[in-house]
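If you want the building blocks of each chain, they are given just below.
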Amino acid sequence: MRELGIIIAILTGLRDKTEDESLKEQIWSLKEEAADTFEKLANRFLITEQSLDNV
């Protein structure tokens, strides 16, 4: 998950430095997909951790 956070930060930095609006939109879309994946993984980890606590 750490690596995904790094990817999100890199994509955000790239978007800020890019002047091409089309490319900015593509980068932002990738960043949003990565953020969604990160959130899903975090939720899955949290659910698994809570399940283990109940055992």
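Given the structure is predicted, the values throughout are model-derived calculations rather than measurements.

Would you mind showing me how to read the pattern of salt bridges here?
As a working rule, side chains carrying opposite charge can pair if their charged atoms are close by. Applying the stated rule across the entire model yields two salt bridges. Across the pair Glu 21 and Lys 24 runs a salt bridge whose closest N-O atoms are separated by 3.9 Å. One end of the pair is Glu 21 and the other is Lys 24, both in helix α2 (residues 21-53) and three residues apart, which spans about a single turn. Salt-bridge contacts for Glu 32 lead to Lys 31; the nearest nitrogen and oxygen are separated by 3.2 Å.

How do you make sense of a nonpolar patch on the surface when you look at a structure like this?
The grouping of Ile 6, Ile 10 and Leu 14 at the surface amounts to a nonpolar patch, some 270 Å² of accessible area in total. Mapped onto the elements of the fold, Ile 6 is located in helix α1 (residues 2-17). Relative accessible area serves as the criterion here: at 42%, Ile 6 is assigned to the partly exposed category.

What counts and how
Residues numbered from 1 in each chain as written. Predicted model: local features only at pLDDT ≥ 70, side-chain atom pairs only at ≥ 80, totals over all residues. Heavy atoms only, no water. Salt bridge = Lys/Arg side-chain N within 4 Å of Asp/Glu carboxyl O. Helix = DSSP H or I, 4+ residues; strand = E, 2+ residues; numbered from the N terminus. Patch = residues over 30% accessible without salt bridge, like charges linked within 9 Å, V, L, I, M, F, W, Y side chains within 5 Å. Areas by Shrake-Rupley, 256 points an atom, 1.4 Å probe, with all protein chains shown as cover. Buried < 20%, exposed > 50% of the residue type's maximum accessible area, 1.4 Å probe, protein only.

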